[in-house]
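# Remarks on the overall topology
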Amino acid sequence: MPIRFDEKEKIFHLDTATSSYVMEIFEQNYLLHLYYGKKIPDHNLKRLKYKGWFASFSPMNRLVEDGGFSPDICMMEYPGQNTGDFRRTAVAVRNADGNNATDFRYASHKIYAGKPALAGLPALYVEDDADATTLEITMRDEVTGMRVVLCYTVFEHLGAMTRSVRICNDSDRPARIESVYSTCVDFPTHDYDLITLYGRWLKERTAERRPIARGRQGVGSLRGSSSHHQNPFAAVVSSGADEDCGEAYGFNLVYSSNFSFDIDSDQNGGMRVLMGINPDGFDWLLAPGEAFQAPETVMVYSDQGIGEMSRIFHRLYRKHLIRGKWRDAKRPLLINNWEATAMDFTGEKLLSFARVAKELGMEMLVMDDGWFGNRFDDHRALGDWHVNEEKLGSTLHEFVEKVNEIGLRFGIWFEPEMISRDSDLYRAHPDWCLHVPGREKSIARYQYVLDYSRQDVRDYIYGLMHHVLSTANVAYLKWDFNRNLTEAGSAALPPERQGEIFHRCVLGTYEIMGRLNRDFPDLLIENCSGGGGRFDPGMLYYSPQIWTSDNTDPIERLTIQFGTSLCYPASTMGAHVSANKRTGYDTKANVALWGSFGYELDPNTFSAEEREIVKAQIAEYHKYYDVIHYGDLYRLIDPAQNAFRAAWMFVSEDKSEALVTSVVMRRPPEYALYLRLKGLDPEKLYREEASGEVYSGASLMYAGLNLFGTDLDDGTSFKLYFKEVK
Ligand code: DGJ
């Protein structure tokens, strides 16, 4: 059983194939955390109880007989506030009396097969209850009548678990939730490094590593989106951990708005790790009888380095996060017009793209921004989702018919959460955007953010989208989001609920995305936010792929794709070959193949030679699709740590094939390089396709590939494909 409760010892033991998570119901029903890490058996686990140095400053509970106990110095599973634990609290609730003291104690629990859905929120799921086991622990604060339900789901065979929290107000008076973290894990030491993913527009998800210091530290977003700037992912790794060795704890929040990842290391050298909705600016009024569902955190543990942590995330997300038809169906190879034309296109121009694209083997034409209202530049028309038939030269239905007759499927762009100041919608409903009375609204990209906390606003926008999607044969939708939230107030919420706006807006977005998934089950949605500004598991629940970055320079893409791969699988990363001049088409494609592949250029500009190159790339895309989309990723040379090269490889699950790619970013000082491969079967023989050379898996991994003689010019690259010799 992956989850056990020892009645006698009062211990919860949650096991995956490789990790254990252990809690104890202590005296007076305090729920203590005992352990999270490499798998351990049930034996004398109470001894794991961490007690720091007890001092006269340590608050005690008179009713507890164990003299060493203080909430201030023990590992607490879900600590409240203002009752003896001085570290950053997991949950803060201000009650109707005006004070914020809470102290949640164990009340009951249940264990069951499967995994529950979370009301209104994206979350990992199972199709077969045998794939996961869930523990729900109910904790009560007797004084305020607040109840929290801690939900743990164990994916035993995947080495992962999820956590979420629901707060219920069982009292007869309203209360205000001031913070609610989804995960709180106390560790007995802070002797770890922290890895986070920082960035900005055009430079998303670059990995950064630093030792964990004493005191508070962490990352977060207050932008109303998960953001380009910090991703809701963090890894706590043992100090010497690398791709293959050491411990790695990965945390990823299934949420697309303001998040916070915090570490608070204490006076005894331990640390508390917290992840959840960012408490800054958050304030939720909970009426009697109401419940608040906080988002889910995914937690992955690996004792085989950071590389294995990533592979666990990838396997988990491919099967238990990505949903619907496109989880398993092959994604279409698309051509998008944005980088070639921006909004300066006509229907005829796009049809010319489609004809060449079809000849070359592409499968879908995506019409990006600029097809609606008078959207000739980014100053106007967001919200006016009516097809500009003059620009297209026909109705959308007729246009898509022509694209389909050419032999391509058709995709379209939307930015449903936005409204241009210069739009018919804004003129008709100036109060439909987020705003604060009496205060000038900040404008970004000439647009405001619609108030998605409002059902009427959502219904109106969804109605327009539904109409467009129903009038033509639309197979794909690119959902964009090109600014962050400011003056986040709502005309429809009372003053005491204005602190709920960020969360209500993202719930509104999830609702519309869920409706799209239900009403158009075959529609492939690609998420986008000025590139990868909302690359998070919340979005992946509704859209199986996300445009990784507006930066299509293949060299700069390397650090972005390496960072993104820390927890997101290749199939989720939209990656296109563009007209960017930095490298030749071979390197552009070698980098873009590590993702959901496509092109973003005018195919009419290809020379005869380039057409042949592109045809060959498309053949390679088909050939390597399975090993890239379903295989295991091994990062071999990290471009953030090596000034000259990057290298990575994919290995099929049965280890019968592998694809190795390497890119020279800058001419290296040495000619010789033995590139050690990973993840192969040492006993198997592999033939490298281009040279016909046969190697043992052992020699490829332990001695390495001798790369002497490969091209060393800036921007060059190669791929090597290995197939098992039977
Ligand atoms: C930002 C996206 O990242 C681009 O790919 C493109 O869709 C533009 N928006 C369109 O406005």
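Note that this is a predicted model, so its numbers are computed, not measured.

### Thoughts on helix α1 (residues 305-320)
Counting along an α-helix, one turn takes 3.6 residues, and residues three or four places apart therefore face a common direction. In a regular helix each residue adds 1.5 Å, so 16 residues correspond to 22 Å; α1 covers 23 Å between its end C-alpha atoms and thus fits that length. With 14 of its 16 residues buried, α1 lies for the most part within the structure.

### Focus: the packing of aromatic side chains
A full pass over the atoms with the stated rule returns 43 aromatic pairs. Taking 6.0 Å as the distance between ring centres and 75° as the angle between the ring planes, the aromatic pair formed by Phe-233 and Phe-313 counts as edge-to-face. Separated by 80 residues along the polypeptide, Phe-233 in strand β14 (residues 230-238) and Phe-313 in helix α1 bring together distant segments of the chain. Taking relative accessible area as the criterion, Phe-233 reaches 0% and is therefore assigned buried. Plain terms: the ring middles of Trp-385 and Phe-414 are 5.0 Å apart, the flat faces sit at 50° to each other, and that makes the pair tilted. Residue Trp-385 is found in the loop between β22 (364-367) and α5 (389-392), and its partner Phe-414 is found in strand β23 (residues 409-414); the two are separated by 29 residues along the sequence. The same class applies to Trp-385 and to Phe-414, which are both buried.

### Concerning the pattern of salt bridges
One side chain can pair with another of opposite charge once the charged atoms of both are near each other. Taken as a whole and judged by the stated rule, the model has 57 salt bridges. In this structure, Lys-49 and Glu-24 form a salt bridge, with 3.0 Å as the shortest nitrogen-oxygen distance. Highlighted residues: Lys-49 in the loop between β4 (31-38) and β5 (91-94) and Glu-24 in strand β3 (residues 19-25), separated in sequence by 25 residues. Judged by relative accessible area, which is 2%, Glu-24 ranks as buried. Residue Arg-315 is joined to Asp-632 by a salt bridge in which the shortest nitrogen-to-oxygen separation is 3.3 Å. One end of the pair, Arg-315, is in helix α1; the other, Asp-632, is in strand β31 (residues 632-637), with 317 residues separating them in the sequence. Classification of Arg-315 by relative accessible area gives partly exposed; the value is 26%. In this structure Asp-632 comes out as buried when scored by relative accessible area, which is 13%. The structure contains a network of salt bridges with shared partners spanning Asp-85, Arg-87, Asp-186, Asp-266 and Arg-272.

### What to know about the pairing of β3
Across the seven residues of β3, seven count as buried, placing the element largely inside the fold. Side chains Ser-19, Tyr-21, Met-23 and Ile-25 of β3 all project onto a buried face; the interleaved residues Ser-20, Val-22 and Glu-24 project onto the opposite face, where all are buried too. In terms of strand pairing, strand β2 (residues 11-15) meets β3 through five bridges, oriented antiparallel. Note on β3: the bridge partner recorded for Phe-12 is Met-23. What sits between the antiparallel neighbours β2 and β3 is a turn of three residues. Bridging between β3 and β4 involves seven bridges; their strand directions are antiparallel. Looking at β4, one finds that Glu-24 is bridged to Leu-32. Linking two consecutive strands that pair antiparallel, namely β3 and β4, is a turn of five residues; a positive phi of about 55° is found at Gln-28 within it.

### Digging into unusual backbone geometry
One non-glycine residue, Ala-381, adopts positive backbone phi at about 80°. Among the structural elements, Ala-381 can be located in the loop between β22 and α5. Of note in the backbone geometry, Glu-487 takes a positive phi value of approximately 45° without being a glycine. When you line up the elements, Glu-487 lands in the loop between β26 (476-479) and α9 (501-519). Taking the relative accessible area as the measure of exposure, Glu-487 reaches 18% and is therefore buried.

### Side note on the sheet that holds β3
Through backbone hydrogen bonds, the strands of a sheet pair up, either in parallel or in antiparallel fashion. Taken in spatial order, the four strands line up as β1-β2-β3-β4 in an open sheet, and their pairing is antiparallel. Unpaired on one side and paired on the other, β1 (3-6) and β4 mark the two borders of the sheet. Strand-to-strand twist of the sheet, defined as the mean angle between neighbouring strand axes without regard to direction, takes the value 15°.

### Some details on the domain arrangement of the protein
Along its sequence, the protein is carved into domain 1 (3-320), domain 2 (325-417 + 456-483 + 514-547) and domain 3 (635-724). The gap between the C-alpha centroids of domain 2 and domain 3 is 37 Å.

### Focus: the environment of Gly-120
You can see Gly-120 is positioned in the loop between β6 (105-113) and β7 (133-141). As for Gly-120 and Gly-514, which are separated by 394 residues in sequence, their C-alpha atoms are 9.3 Å apart. Excluding residues that lie within four positions of it along the chain, Gly-120 makes contacts with Leu-507 and Tyr-510.

### Examining the side chain of Ser-453
With respect to the helices and strands, Ser-453 occurs in the loop between β25 (447-449) and α8 (455-471). Within the local environment of Ser-453, its side chain forms a polar contact with the side chain of Asp-451, the two groups lying 2.5 Å apart. Not counting the four nearest positions on each side in its chain, Ser-453 is found in contact with Arg-458, Ser-490, Leu-493, Ile-501, Arg-504 and Cys-505.

### What about the site of the ligand?
Around the ligand lies a shell of 13 residues, among which Asp-368, Asp-369, Lys-478, Asp-480 and Asp-550 are the nearest. Here an oxygen atom of the ligand and a side-chain polar atom of Trp-413 are 3.1 Å apart. The backbone of Gly-531 places a nitrogen or oxygen atom 2.9 Å from an oxygen atom of the ligand. Among the residues making up the shell around the ligand, the classes are represented as four nonpolar, three polar and six charged.

### Focus: a negative patch on the surface
On the surface, a cluster of negative charge is made up of Glu-389, Glu-398, Glu-401 and Glu-405. Per element, the largest residue contribution to the negative patch is three residues, and it comes from helix α6 (residues 396-406). Looking at the secondary structure, you find Glu-405 in helix α6. The class for Glu-405 is exposed, based on a relative accessible area of 67%.

### Observations regarding the side chain of Asn-278
Checked against the element boundaries, Asn-278 lands in the loop between β17 (271-277) and β18 (284-286). By relative accessible area, which is 7% here, Asn-278 ends up buried. With residues near it in sequence (within four places) discarded, Asn-278 still touches Ser-221, Leu-222, Asn-258, Phe-259 and Ser-260.

### Here we look at the sheet that holds strand β33 (residues 657-664)
Pairing is antiparallel across the open sheet formed by six strands, whose spatial order is β31-β32-β33-β38-β35-β36. The open sheet terminates on both sides in strands that have one partner only, identified here as β31 and β36 (694-696). Taken pair by pair, the neighbouring strands of this sheet meet at an average axis angle of 25°, ignoring direction. Pairing between β33 and strand β38 (residues 717-725): seven bridges, direction antiparallel. From the neighbouring strand, Val-660 faces β38, where its bridge partner is Leu-720.

### Description of helix α4 (residues 347-360)
Counted at 1.5 Å a residue, the expected span for α4 with its 14 residues is 20 Å, and the 20 Å between its end C-alpha atoms agrees. Summarising the contacts, the buried residues of α4 are in contact with β21 (334-336), α3 (338-341), β22, α5, α6 and α13 (608-630). Immediately downstream of α4, the backbone of Gly-361 shows phi near 110°, a positive value.

Rules used in this analysis
Residues numbered from 1 in each chain as written. Predicted model: local features only at pLDDT ≥ 70, side-chain atom pairs only at ≥ 80, totals over all residues. Heavy atoms only, no water. Helix = DSSP H or I, 4+ residues; strand = E, 2+ residues; numbered from the N terminus. Expected span 1.5 Å × (residues − 1). Buried < 20%, exposed > 50% of the residue type's maximum accessible area, 1.4 Å probe, protein only. Phe/Tyr/Trp six-rings, centres within 6.5 Å; stacked < 30°, edge-to-face > 60°. Salt bridge = Lys/Arg side-chain N within 4 Å of Asp/Glu carboxyl O. Pairing = 2+ DSSP bridges. Axes fitted to C-alpha atoms, helices over the stretch in contact; angles between N-to-C directions. Domains from an automatic or database assignment. Contact = heavy atoms within 4.5 Å. Polar contact = N/O pair within 3.5 Å; in protein donor to acceptor, adjacent residues only side chain to side chain. Near = heavy atom within 4 Å. Nonpolar A, V, L, I, M, F, W, Y, C, P; charged D, E, K, R; others polar. Patch = residues over 30% accessible without salt bridge, like charges linked within 9 Å, V, L, I, M, F, W, Y side chains within 5 Å. Areas by Shrake-Rupley, 256 points an atom, 1.4 Å probe, with all protein chains shown as cover. Lys, Arg positive; Asp, Glu negative; His and termini not counted. Charge placed at Lys NZ, Arg CZ, Asp CG, Glu CD.

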